[in-house]
Amino acid sequence: MEHSLSPRIFRRVFQDLGIDAHYTALRVEKHELAEAIDRVRRGSLAGLSVTIPHKEAAAELVDALHPSAARIGAVNCIARSPTGHAEGYNTDAPGFRLAVEQSGARLAAARAVLLGAGGAARAAAFAAVSAGAKSLTIANRDPERAIRLGLELVALGRAWPEGELLRRWESGERAPRLNVSRALGAPSGKCFVSAIPLESSALVHPLSHADLLVNSTSVGLGDPGALPLPGGCVLDRRLTVMDMVYRPLHTALLRRAREAEATCVDGLWMLIHQALEQLRVWTGQVAPPALAASLHDELAAECG
Ligand code: NDP
């Protein structure tokens, strides 16, 4: 899907901003990724967007990582430095933050519940703690993956562990992704973070105190009837509900949120904002806010 939408987004952006550039979708197999990145170093490509499943491999292949891409461990945007180095960025994190803020909600001081612990969830989790969220509950089908993400946030000094995560931290468990010297620091930061299974018995309480609910699982992708939220979980109008899934745009979760009169944010907003962040990385140009809204109007119908 992204392969078809991103060229549309950039064609419109280049046209509106008068940028003489062309953006095209390339199918790149795993063994071809290093060569694609080399084209950025050589200057035959001005930049590269990286999509699933190459985001983590790209982080290993670039010459330098922007700090947030290093923390998240994934690169979705590559730019050429003036000295010809390939620099890796992650624009999913600011794309997520800007999509939430577009709705009038704020990540700062938010009590957030995040469904999922995969790549997209990692970007959202690091964005939330960086923006000063008050609490973050990570709920995942595989709870160990949520624990690992939570431990990384704590080890970076961004969050304070709670519940099972605190128990694991106190027993000396550390996130494998981080090196030992950084991982041995004491917890710090203002965001209370917990990791739970994606089950109603664990979710009902944090959800009842939350002001932001984010679906970053792939549940709902291509299936308008699939709900990532377990039965027994109730939404209410105080919530802002964001679904990263954008095909279909009107997911079961967002329909449920709308019925509860909650504020809804669809995944197309994040897709557009992360693309506009890529534009900023490549050209230094900041797109006017009206362009994001206009792109959303233009592309919404295509998401189904
Ligand atoms: P990953 O494969 O890295 O992670 C998938 C996540 O979904 C995991 O947490 C996984 O849980 C969970 N999951 C998958 N199937 C189920 C299920 N049946 N029940 C419960 N949980 C399930 O994918 P990404 O993180 O990269 O992407 C996740 C979603 O976000 C996709 O729909 C993608 O399209 C969307 N996305 C949207 C973006 C945007 O700009 N709008 C940007 C990036 C992603 P477990 O760990 O237990 O397997």
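Residues numbered from 1 in each chain as written. Predicted model: local features only at pLDDT ≥ 70, side-chain atom pairs only at ≥ 80, totals over all residues. Heavy atoms only, no water.

Asks: Kindly report on the packing of aromatic side chains, identifying the contributing residues and their values.
Replies: The description of an aromatic ring pair uses the distance of the two centres, along with the angle that the planes make with each other. Within this structure, the stated rule accounts for four aromatic pairs. Their ring planes at 20 degrees and their centres at 4.3 Å tell us that phenylalanine 10 and tyrosine 23 sit as a pair that is stacked. Within this pair, whereas phenylalanine 10 is found in helix H1 (residues 2-17), its partner tyrosine 23 is found in the loop between H1 and helix H2 (33-42), the two being separated by 13 residues in sequence. Residue classification places phenylalanine 10 among the buried residues on the basis of a relative accessible area of 2%. On the accessibility criterion, tyrosine 23 (19% relative accessible area) is buried. Their ring planes at 45 degrees and their centres at 6.3 Å tell us that tyrosine 23 and tryptophan 282 sit as a pair that is tilted. Of the two residues, tyrosine 23 sits in the loop between H1 and H2 while tryptophan 282 sits in helix H12 (residues 267-283), which places them 259 residues apart along the sequence. (Phe/Tyr/Trp six-rings, centres within 6.5 Å; stacked < 30°, edge-to-face > 60°. Helix = DSSP H or I, 4+ residues; strand = E, 2+ residues; numbered from the N terminus. Buried < 20%, exposed > 50% of the residue type's maximum accessible area, 1.4 Å probe, protein only.)

Asks: Residue-level account of the sheet that holds strand E6 (residues 135-140), with values.
Replies: Spatial strand order, E7-E8-E6-E5-E9-E10-E11: seven strands in an open sheet with parallel pairing. Sheet topology places strand E7 (159-161) and strand E11 (263-265) at the edges, where each strand pairs with a single neighbour. Across this sheet, the average inter-strand angle for adjacent strands is 20 degrees, counted without regard to direction. Where strand E5 (residues 111-115) meets E6, five bridges bridge the pair, whose relative direction is parallel. From the neighbouring strand, valine 113 faces E6, where its bridge partner is threonine 137. Contacts between helix H5 (residues 92-102) and the sheet are confined to strand E9 (212-215), strand E10 (240-243) and E11, with E10 contributing the most and set at about 140 degrees to the helix. The sheet strands contacting helix H10 (residues 200-209) are E5, E6, strand E8 (191-197) and E9, and the helix crosses E5 at an angle near 140 degrees. (Pairing = 2+ DSSP bridges. Axes fitted to C-alpha atoms, helices over the stretch in contact; angles between N-to-C directions. Contact = heavy atoms within 4.5 Å.)

Asks: Report on unusual backbone geometry, specifying residues and quantitative values.
Replies: The peptide bond linking isoleucine 52 to proline 53 adopts the cis configuration, its omega dihedral lying at 10 degrees. Note that the residue after arginine 247, namely proline 248, is joined by a cis bond; omega there is 5 degrees. Tracing the backbone shows proline 248 in the loop between E10 and helix H11 (252-259). In this structure, glutamate 261 takes a positive phi of about 65 degrees despite not being glycine. Using a relative accessible area of 53% as the deciding quantity, one classes glutamate 261 as exposed.

Asks: Tell me what's going on with the pattern of salt bridges, and back it up with residues and numbers.
Replies: The full count for this structure, using the stated rule, is 19 salt bridges. Of the charged contacts, one joins arginine 111 and aspartate 211 as a salt bridge, the two residues approaching to 3.2 Å between their closest N and O atoms. A residue pair is termed long-range when its members are at least 10 positions apart, and arginine 111 in strand E5 and aspartate 211 in the loop between H10 and E9 qualify at 100 residues. By relative accessible area, which is 32% here, arginine 111 ends up partly exposed. With a relative accessible area of 22%, aspartate 211 lands in the partly exposed category. Residue glutamate 277 pairs with arginine 280 through a salt bridge whose shortest N-O separation is 2.9 Å. Placement of both glutamate 277 and arginine 280 in helix H12 is noted, with a separation of three residues, approximately one turn of the helix. Among the charged side chains, a salt-bridge network with shared partners connects Arg8, Arg12, Asp16, Glu298 and Glu302. (Salt bridge = Lys/Arg side-chain N within 4 Å of Asp/Glu carboxyl O.)

Asks: Just give me the short version of the side chain of threonine 217, but keep the residues and values in it.
Replies: Position of threonine 217 relative to the elements: it lies in the loop between E9 and E10. Overall, threonine 217 belongs to the buried group, its relative accessible area being 14%. Separated by 2.7 Å, the side chains of threonine 217 and asparagine 215 make a polar contact. (Polar contact = N/O pair within 3.5 Å; in protein donor to acceptor, adjacent residues only side chain to side chain.)

Asks: Before we move on, can you summarise the site of the ligand with the specific residues and values?
Replies: Taken together, 22 residues surround the ligand, and among them Ala120, Asn140, Arg141, Arg145 and Gly267 come closest. Take aspartate 142: an N or O atom from its main chain is 2.9 Å from an oxygen atom of the ligand. Here methionine 244 contributes a backbone N or O atom positioned 3.0 Å from a nitrogen atom of the ligand. When the ligand sits alone it has 920 Å² of accessible area, and the protein chains cover 77% of it. (Near = heavy atom within 4 Å. Areas by Shrake-Rupley, 256 points an atom, 1.4 Å probe, with all protein chains shown as cover.)

Asks: I'd like a rundown of helix H8 (residues 163-170), residues and numbers included.
Replies: Among all positions of H8, only Leu165, Arg168 and Trp169 are buried. Within H8, the buried residues cover an arc of 100 degrees as seen down the axis, which keeps them to one side. Structural note: H8 exposes Gly163 and Glu170 on the side pointing more than 90 degrees away from its buried face. (Arc of directions from axis to C-beta.)

Just geometry here; none of it tells us what the structure is for.
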